[in-house]
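As a plain string of letters, each chain reads:
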Amino acid sequence: MAYCRQEGKDRIIFVTKEDHETPSNAELVADDPNDPYEEHGLILPNGDINWNCPCLGGMASGPCGEQFKAAFSCFHYSTEDVKGSDCVDQFRAMQECMQKYPDLYPQEEEDRLEETAVSEAATTKEEEGSS
């Protein structure tokens, strides 16, 4: 005998071999255009931000997810002449949070600058040693 259980947005149906022997009577439900779990891109049809969009790379979750959402929302809904100029505090809070978790949020630009500085220092020292 088949049975079903709900887990969040998902419905899991378990069936037996006998259940598969008869034709299905399942009814498909039309897609909801405002369902945030559907892939609509970054902006949903109603203008809201789709926090489940893969394009965000998981930034909306994790230890700094709330700070990211606050900063991104502020920018998205900003009506300033220079869009987002009213969001400096939110972006600063997000950056400060990310600096606490360097393994999760590597600062690639700073890493490249540090590597360049170390490389240049080593090259300069080698040149001085060979003179």
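Summarised in this report is the structure supplied together with it. (Residues numbered from 1 in each chain as written. Predicted model: local features only at pLDDT ≥ 70, side-chain atom pairs only at ≥ 80, totals over all residues. Heavy atoms only, no water.)

Topic: the layout of surface pockets
One number sums up the size of the second largest pocket: a volume of about 200 Å³. Every residue lining the second largest pocket is listed: Ile13, Val15, Asp19, His20, Thr22, Pro23, Ser24, Asn25 and Ala26. The residue inventory of the lining of the second largest pocket, partitioned by class, reads 4 nonpolar, 4 polar and 1 charged. (1 Å grid on protein atoms, 1.4 Å probe; cavity = no way out; pocket = protein on both sides within 12 Å on 5 of 7 lines; lining within 4 Å. Points joined across faces, edges and corners; volume = space filled by probe spheres on them. Nonpolar A, V, L, I, M, F, W, Y, C, P; charged D, E, K, R; others polar.)

Structural notes on the state of the cysteines
For the structure on display, the rule yields 3 disulfides. Residue cysteine 53 pairs covalently with cysteine 55 via a disulfide, S to S 2.4 Å. Disulfide cysteine 53 to cysteine 55: torsion about the S-S bond roughly 130°, handedness right-handed. Cysteine 53 sits in the buried class, given a relative accessible area of 8%. A relative accessible area of 52% places cysteine 55 in the exposed class. Covalently, cysteine 64 is tied to cysteine 97 through a disulfide, its sulfur atoms 2.0 Å apart. (Disulfide = S-S within 2.5 Å. Buried < 20%, exposed > 50% of the residue type's maximum accessible area, 1.4 Å probe, protein only.)

Structural notes on the nonpolar core
One finds Leu56, Ala60, Cys64, Phe68, Ala71, Met94, Cys97, Met98 and Tyr105 forming the largest nonpolar core, which totals 9 residues. Only helix 2 (65-77) and helix 3 (88-99) provide two or more residues apiece to this core. Here this core gets 3 residues from one element, more than from any other, and that element is helix 3. When residues no more than four places from it in sequence are discounted, the contact partners of cysteine 64 are Met59, Cys97, Met98, Tyr101 and Tyr105. (Core = buried A, V, L, I, M, F, W, Y, C linked by side-chain atoms within 4.5 Å. Helix = DSSP H or I, 4+ residues; strand = E, 2+ residues; numbered from the N terminus. Contact = heavy atoms within 4.5 Å.)

Re the side chain of asparagine 50
Among the structural elements, asparagine 50 can be located in the loop between helix 1 (17-21) and helix 2. At 3.0 Å, the side chain of asparagine 50 and the backbone oxygen of glycine 41 are in polar contact. (Polar contact = N/O pair within 3.5 Å; in protein donor to acceptor, adjacent residues only side chain to side chain.)

Focus: the pairing of strand 1 (residues 3-7)
Here strand 1 runs beside strand 2 (residues 10-14); their pairing, made up of 5 bridges, is antiparallel. Within the sheet, the bridge partner assigned to cysteine 4 lies in strand 2 and is isoleucine 13. Hairpin geometry of strand 1 and strand 2 is characterised by an intervening segment of 2 residues between the two adjacent antiparallel strands and by a positive phi of about 65° at glycine 8. (Pairing = 2+ DSSP bridges.)

A few points about the packing of aromatic side chains
Applying the stated criterion to the full structure yields 3 aromatic pairs. Both rings, one in tryptophan 51 and one in phenylalanine 68, keep their centres 6.3 Å apart while their planes meet at 75°; by these two values the pair is edge-to-face. With tryptophan 51 in the loop between helix 1 and helix 2 and phenylalanine 68 in helix 2, this pair connects stretches of sequence that are 17 residues apart. Tryptophan 51 sits in the partly exposed class, given a relative accessible area of 25%. Given a relative accessible area of 10%, phenylalanine 68 falls into the buried group. Centre to centre, the rings of phenylalanine 68 and phenylalanine 72 are 5.6 Å apart; their planes meet at 25°, and the pair counts as stacked. With phenylalanine 68 and phenylalanine 72 both in helix 2, this residue pair falls 4 residues apart, about one helical turn. One residue, lysine 83, lies across the ring of phenylalanine 75, its end atom 5.5 Å from the ring centre. (Phe/Tyr/Trp six-rings, centres within 6.5 Å; stacked < 30°, edge-to-face > 60°. Lys NZ or Arg CZ within 6 Å of the ring centre and 35° of its normal.)

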